[in-house]
Amino acid sequence: MSRHAALETFGRSGNPVFGEKFSQRQNFAGSQAMSLEGAVNKTGILLALCFGGSFIGWSNPGLIWIGLILGFVAAIYTSFVPRNAHIGAPAYALLEGIALGGISMMFEAQYPGIVIQAIGLTFGILASLLFAYKSGLILPTQNFRLMLFSATAGIALLYLVSFIMSFFGSSIGFIHNNGLFGIGFSLFVVAIAALNLVLDFDFIEQGSEMGLPKYMEWYGAFALMVTLVWLYLEILRLLAKLQSRR
Amino acid sequence: MNTLFFTFIAVLSLYIFFNLGKVRSSQKQRNRADRVKWNKSPWQGQKATQVSEQRDGTKIIDVAAEDVENKSDKA
């Protein structure tokens with residue numbers, strides 16, 4: 001990439017968080033720069049921590065809320081302080097693993113065999129989309145990102161409203177029921193969560209091309225981990241809805 | 001049987017991820033002008049070419065900077 005093209009891509013920041021991260025690209029080279037291999041290896045570490053945490057959560061379902069709340073705090077901290085992602089990302093993976101272990105155990109008790117199906121589908125989608133991205137079958141653009149951002153924000157808002165309504169003994173029925181509309185909604189959310197993986201791949205790819213600082217490997221792995229956790233939970237919900245119709 | 005099948009899918013997918021993830025993307029993916037611009041916020045979409053005319057009649061074309069090869073450097 002030429003110097004001008006690089007400036008056009010990363011130099012003129014509209015977003016202070018990304019602008020600050022990308023503006024430091026030229027200070028790092030060789031072993032100090034972000035690499036694809038480093039980001040993939042760190043994702044492996046985070047996955048191992050998440051699986052480790054899930055064993056704790058599986059045998060102690062009472063820790064679900066602790067895992068969820070502390071995991072959320074770790075995620076917020078990592079998002080705003082990417083320089084410390086080497087601390088925040090592993091903490092997030094472990095805590096979220098504890099929460100996922102407890103949640104999975106509850107689903108498994110109700111629908112035996114559902115957890116391994118959800119794990120298989122989550123990683124299957126991960127590998128398929130990675131292949132589609134690497135081969136150029138999916139070409140993410142700025143408009144693709146805008147579409148996903150809008151859809152993800154809409155879903156988050158809907159979940160937030162539903163969560164608040166639950167305190168008053170009410171909820172948005174169609175997002176939780178097992179009717180055709182509920183299943184269709186779950187399918188839509190799974191699709192949006194899956195497409196977010198493509199953006200994560202692109203962030204890691206472009207970051208390594210531009211030689212971002214090494215700690216951004218942890219940040220890229222963290223972003224991938226957040227999407228995987230969301231995707232796994234949505235697949236679990238979708239499968240539960242499908243099985244409850246039998 | 002069900003468990004075995006999904007375990008196999010999970011293991012195979014992880015194997016693919018850890019190998020394919022370390023490989024650079026295709027040229028088709030990397031060499032294009034409309035890639036995601038991570039320094040910009042999501043709602044700053046693809047920038048269209050803007051042409052503005054000055055009072056003296058000259059036109060200013062606002063487009064993305066392009067690579068300009070200087071042939072004399074190669075010699």
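Residues numbered from 1 in each chain as written. Chains lettered and ligands numbered in written order. Predicted model: local features only at pLDDT ≥ 70, side-chain atom pairs only at ≥ 80, totals over all residues.

1. A word on the overall build of chain A
The helix and strand tally for chain A stands at 9 helices and 0 strands. Along the chain direction, N to C, the helices and strands of chain A fall in the order α-α-α-α-α-α-α-α-α. Counting all 246 residues of chain A, 41% fall into the buried class. (Helix = DSSP H or I, 4+ residues; strand = E, 2+ residues; numbered from the N terminus. Buried ≥ 20, exposed ≤ 12 C-beta atoms within 10 Å, placed from the backbone.)

2. Considerations on the nonpolar core
Soluble, globular proteins show a tendency: their nonpolar side chains are buried together. Counting residues in each nonpolar core, the largest one holds 66 residues, and the members touching the most others are A89, F222, M225, L231 and Y232 of chain A. Elements with a minimum of two residues in this core: α3 (36-59), α4 (64-80), α5 (85-110), α6 (114-135), α8 (180-210) and α9 (215-244) of chain A together with α1 (2-20) of chain B. With 18 residues, the top contributor of residues to this core is α9 of chain A. (Core = buried A, V, L, I, M, F, W, Y, C linked by C-beta atoms within 7 Å.)

3. Quick word on the environment of L36 of chain A
Inspection of the secondary structure assignment puts L36 of chain A in helix α3. As a C-alpha pair, L36 of chain A and F201 of chain A span 165 residues in sequence and 9.7 Å in three-dimensional space. Once residues lying within four places of it in the same chain are set aside, the contact partners of L36 of chain A are I204 and S208 of chain A together with G21, K22 and R24 of chain B. (Contact = placed C-beta atoms within 7 Å.)

4. Brief notes about the environment of G136 of chain A
With respect to the helices and strands, the residue G136 of chain A is situated in the loop between α6 and α7 (142-166). Residue class for G136 of chain A comes out partly exposed when judged on the 15 C-beta atoms lying within 10 Å of it.

5. A closer look at the environment of V226 of chain A
Residue and element names in this part refer to chain A. Turning to its location among the elements, V226 is positioned in helix α9. Residue V226 is classed as buried on the basis of its 21 C-beta neighbours within 10 Å. For V226 and A89, which are 137 residues apart along the polypeptide, the C-alpha to C-alpha distance reads 9.5 Å.

6. Section: the packing of α6 of chain A against α9 of chain A
Residues and elements named next belong to chain A. Following both chains from N to C, one finds α6 and α9 inclined at 130 degrees, their axes separated by 9 Å at the closest point. Between α6 and α9, the angle falls in the class oblique. You can see that α6 and α9 cross each other, and the crossing is right-handed. Between α6 and α9, the contacting residues are I114, Q117, A118, L121, T122, I125 and L126 on the first element and L228, L231, Y232, I235, L236, L239, A240 and Q243 on the second. Here the contact of α6 with α9 is built from residues that sort into 12 nonpolar, 3 polar and no charged. (Axes fitted to C-alpha atoms, helices over the stretch in contact; angles between N-to-C directions. Parallel < 35°, antiparallel > 145°, perpendicular 65-115°, else oblique. Left-handed = near helix turned anticlockwise from the far one by under 90°. Nonpolar A, V, L, I, M, F, W, Y, C, P; charged D, E, K, R; others polar.)

7. Things to note about the confidence of the model for chain B
All names here are of chain B. Residues at a pLDDT of 70 or more form 69% of chain B, whose mean pLDDT is 79. Per-element confidence in chain B is highest for α1, whose mean pLDDT is 94, and lowest for helix α3 (residues 71-74), whose mean pLDDT is 58. Two summary scores accompany this predicted model of the complex, namely pTM at 0.82 and ipTM at 0.83. (pLDDT = per-residue confidence, 0-100.)

8. A look at the packing of α3 of chain A against α5 of chain A
Residue and element names in this part refer to chain A. Remark: α3 packs on α5, axes separated minimally by 6 Å, with the N-to-C direction vectors making an angle of 40 degrees. The angle between α3 and α5 places the two elements in the oblique class. For the pair α3 and α5, the crossing hand works out as right-handed. Across the contact of α3 with α5, the residue classes tally to 17 nonpolar, 8 polar and 1 charged.

9. What to know about α1 of chain B
It helps to recall that an α-helix has 3.6 residues per turn; residues three or four apart then point in one direction. All names here are of chain B. Helix length check: α1 (19 residues) gives 27 Å between terminal C-alpha atoms against 27 Å at 1.5 Å per residue, within 8%. Those residues of α1 not exposed but buried are F6, A10, S13 and F17. Buried residues of α1, viewed axially, fall in a sector of 70 degrees; they line one side. Across α1 from its buried face, at more than 90 degrees, point the exposed residues L4, F5, F8, V11, Y15 and N19. (Expected span 1.5 Å × (residues − 1). Arc of directions from axis to C-beta.)

10. Quick word on the confidence of the model for chain A
Overall, the prediction assigns chain A a mean pLDDT of 87, with 87% of residues at 70 or greater. Segment residues 1-20 of chain A is flagged for pLDDT under 50; beyond a separation of four residues in sequence, or across chains, it makes 32 contacts in the model.

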